[in-house]
Amino acid sequence: MKRLVLIALAAVLALTCCPAAAFAQGENQMSSETLDITSHLSDYSEEELRAQLAEPAQGRVLLAENGASGFSVCVADNASDSVSEAANALSEYLCKIIGSDDAFPVVRESELRGEPFISLGGTRLSADCDTSALEDDGYLVSVLDGAVYLKTLDDSDISNAVYGFLEDELGCMFAREDYDYIPSLPTIYLDGGQRVSNPDFSWRKVFQYEAAQNGWFKKLRLNGVVADDIEKNAGWGTWCHSCFQFVDPEIYGASHPEYFTYNEAGEPQQLCLTNPDVYPIIEAEMAKKIAAEPDKKYWDFSLNDNYNYCTCESCARVLEETGSMMGTMLPIINSLAKKFPDKVISTLAYFYNEEVPKGMVCEDNVNIVLCPINTGQLYSYRFGASEKAAKTKQLVESWSAVCQSLMIWDYVVDFQHLLLPYPNFDVQKDNHAFYIENNVKEIFHQGSREKNDEMARLRTYVLSKQLWDNELDVSALIAKYLTVTYGAAAPYIAEYMDGMNARLKEKGEDLDLYDEAWQHAGDYLSKADNDRYLELVNSALAAVEGDERLTYYVEEIKINVLYAIMNEATNLYHFRKKDAFSEFTALVQKHDIEQPHEVGVTMQEYIDTEYPAFLTENALKITACVVSAVAAAGIAAGIAVIIKKKKAKKQQG
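Report on the accompanying structure. (Residues numbered from 1 in each chain as written. Predicted model: local features only at pLDDT ≥ 70, side-chain atom pairs only at ≥ 80, totals over all residues. Heavy atoms only, no water.)

1. Section: the overall build of the chain
Inference 1: Along the backbone of the chain there are 19 helices and 20 strands.
Inference 2: With the principal axes as the frame, the chain shows a C-alpha extent of 120 × 75 × 45 Å.
Inference 3: Counting every position in the chain, which comprises 653 residues, the buried fraction comes to 55%.
Inference 4: Considering only residue pairs separated by 6 or more positions, the chain has 75% of its internal contacts joining residues 24 or more positions apart. (Helix = DSSP H or I, 4+ residues; strand = E, 2+ residues; numbered from the N terminus. Buried < 20%, exposed > 50% of the residue type's maximum accessible area, 1.4 Å probe, protein only. Contact = heavy atoms within 4.5 Å.)

So this is what it looks like as structure tokens:
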């Protein structure tokens, strides 16, 4: 009888409460590397760096000794504000590095009195520096004849030389918008010679709230970010979904409804780009905008963010002939490019415009912004080993064949759950290498406009470093980052990241942009995995107990683990979720997190309404399971009684 009851109960639970089945093991290549942060934790030692830089050797220049230096930071007499700002920053950081309050004074070139110097920017002293190898906003470091020269092609980019020098030569790490790692190096010998560092991509932006705060983007050498406003883009006059900025429905809608397409509510949606009267309006408006902001390099004219493209006879004919609605857009973009040859004219390859139109090529000063929204973050586009990655690979390669300058608008977070663990750190290196092979000049990595999202600082830092130099070792970079940012908690965070990444790759299920936690219950977000993550993060907190700053940093990660536990949809551990929610609520309020999703409810609404509703639903499922189990047990018991009676009757007969 017990066996029958157990079988019936198991059957009911399998139908009502069981976890999702594990996905089959993937066999296709995801990326060429897998995170191995833990094995690199011992790579960096401040003590070793201190000893290394304190060692005199032939050709080396003594910059500082025992916390003192005779060097000045020298700028041109007519130095710009950007050079002066960079000089002050360099002086401040160098003083902190050697442990001095008054070293490295900033002086004008005419004020030098024979002391050794660091020449910053376009001084007369640096006139003989060979800048022939410099490209874009790259920089050189030259250590020659007892002097140091930091130089860029344009003085407006000189901060790249300052922060590159501090990181690459002196081991600093600008880890967060609120924290710089500065090693203690009282004695510094610099290697002689000249080093040139050029970026792999000419325009670089990581769209993440923190990047624009406290000037962090300058330290990360992100030249596409604007201070304090993540929505703005440096160098751009107009930016994406811009067509109504040129042909305004408020101006032309009533008199020329034929210029527009409409939704069911009668609201204007897109332009009819084959209407011969539309282009002259676009060109005239473009001329006005450029005249108003002549310093801007990039000018976008692109579709709005909807699928309501024009289906008139003329547009339909172009679609049939070219195979893409881009066939109606690209002629306009090419015409604008010819009209404004000293500007870069840009448009989105997005939604119904993402395919290359047959028989068309781009003018040399046309920039195509490819936005592969229907893709994932586990399989690299370089290999195209999943259906989505293969599609993106095809798009990049086909646009590369007809366009001299591509920009990738890449999406690097889970927009549906901004706090859910999202292990995509090792795929970007292959993606970047693929971009470089295919004429990609600019990168826009879209994280989140919201603050304090999952691993926001680390993801921003790693992506920024890769955009400058994609050859770096990602695991080693993260290992140093964890070591200098998390202190004694670093080994636990490294194991957390390595384990999560490995678990995801075991199954090979993709990592999409709108994933739910239940979709990964069979790989990296199972209950057992989440238990391990919680154990690791609690150990990390214990390791830094008493250190307020480090505790705060580790709590940021604990929020993500708690959120994963709260959203375990394939088990019915009600009090487990409720307890996680209680701690989560306290932490998100402490850490000022305002949004759980890209769009929708605020965090307060999530706490007050959305998640309590989820808990209620969870409780109802438990009740249903219990009722089903009791019913199953009753049925099984009834069956057992019938069998027992039949046996007794048979024995009596």
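2. A look at the nonpolar core
Inference 1: Leu166, Phe301, Met497 and Phe584 are the most contacted members of the largest nonpolar core, which has 194 residues in total.
Inference 2: For this core, the leading source of residues is helix α17 (residues 548-566), giving eleven residues.
Inference 3: Leave out the neighbours within four places in its chain, and Leu166 touches Leu90, Tyr93, Leu94, Ile97, Gly171, Cys172 and Phe174.
Inference 4: Leu112, Phe117, Cys129 and Leu134 belong to the second largest nonpolar core, which has nine residues in total. (Core = buried A, V, L, I, M, F, W, Y, C linked by side-chain atoms within 4.5 Å.)

3. Examining the packing of aromatic side chains
Aromatic ring pairs are described here by two measures, namely the spacing of the ring centres and the angle between the planes.
Inference 1: Per the stated rule, a full pass over the model turns up 35 aromatic pairs.
Inference 2: Taking 6.4 Å as the distance between ring centres and 25° as the angle between the ring planes, the aromatic pair formed by Trp409 and Tyr411 counts as stacked.
Inference 3: A centroid spacing of 6.1 Å and a plane angle of 75° characterise the contact between Tyr411 and Phe415, whose relative ring orientation is edge-to-face. Like Phe415, Tyr411 is buried.
Inference 4: What links up through ring pairs into an aromatic cluster is the set Trp203, Phe207, Trp236, Trp239, Tyr298, Trp409, Tyr411, Phe415, Phe444 and Tyr514.
Inference 5: Sitting above the plane of the Tyr44 ring, Lys480 keeps its charged end 4.5 Å from the centroid.
Inference 6: Lys527 extends its terminal NZ or CZ atom over the ring of Tyr573, reaching a point 5.3 Å from the ring centre. (Phe/Tyr/Trp six-rings, centres within 6.5 Å; stacked < 30°, edge-to-face > 60°. Lys NZ or Arg CZ within 6 Å of the ring centre and 35° of its normal.)

4. Description of the pairing of strand β13 (residues 229-233)
Inference 1: Pairing of strand β12 (residues 225-226) with β13, which is carried by two bridges, proceeds in the antiparallel orientation. Note on β13: the bridge partner recorded for Val225 is Asn233.
Inference 2: In textbook terms, the turn of a hairpin is the stretch between consecutive antiparallel strands, and for β12 and β13 this stretch comprises two residues, one of which, Asp228, has a positive phi near 65°. (Pairing = 2+ DSSP bridges.)

5. Concerning the sheet that holds strand β20 (residues 440-446)
Inference 1: As summarised here, the arrangement of the six strands in space is β11-β20-β19-β18-β17-β16, forming an open sheet in which the pairing is parallel. The open sheet is flanked by β11 (203-207) and β16 (298-300), the only strands paired with a single partner. Geometrically, the sheet is characterised by an average inter-axis angle of 25° between neighbouring strands, direction not taken into account.
Inference 2: When strand β19 (residues 405-411) meets β20, the two strands line up parallel, connected through six bridges. Its bridge partner lying in β20, Tyr411 is registered against Gln446.
Inference 3: The strands touched by helix α10 (residues 326-339) within the sheet are β17 (344-349) and β18 (366-370), with β17 carrying the most contacts at an inclination of about 170°.
Inference 4: The sheet strands contacting helix α13 (residues 456-468) are β11 and β20, and the helix crosses β11 at an angle near 170°. (Axes fitted to C-alpha atoms, helices over the stretch in contact; angles between N-to-C directions.)

6. Comments concerning the environment of Pro186
Inference 1: Note on placement: Pro186 falls in the loop between β8 (179-181) and β9 (188-190).
Inference 2: A C-alpha to C-alpha distance of 25 Å links Pro186 and Lys151, two positions 35 residues apart in sequence.
Inference 3: Filtering out sequence-adjacent residues up to four positions away, Pro186 remains in contact with Arg50, Ala64, Glu65, Asn66, Gly67, Ile97 and Ile98.

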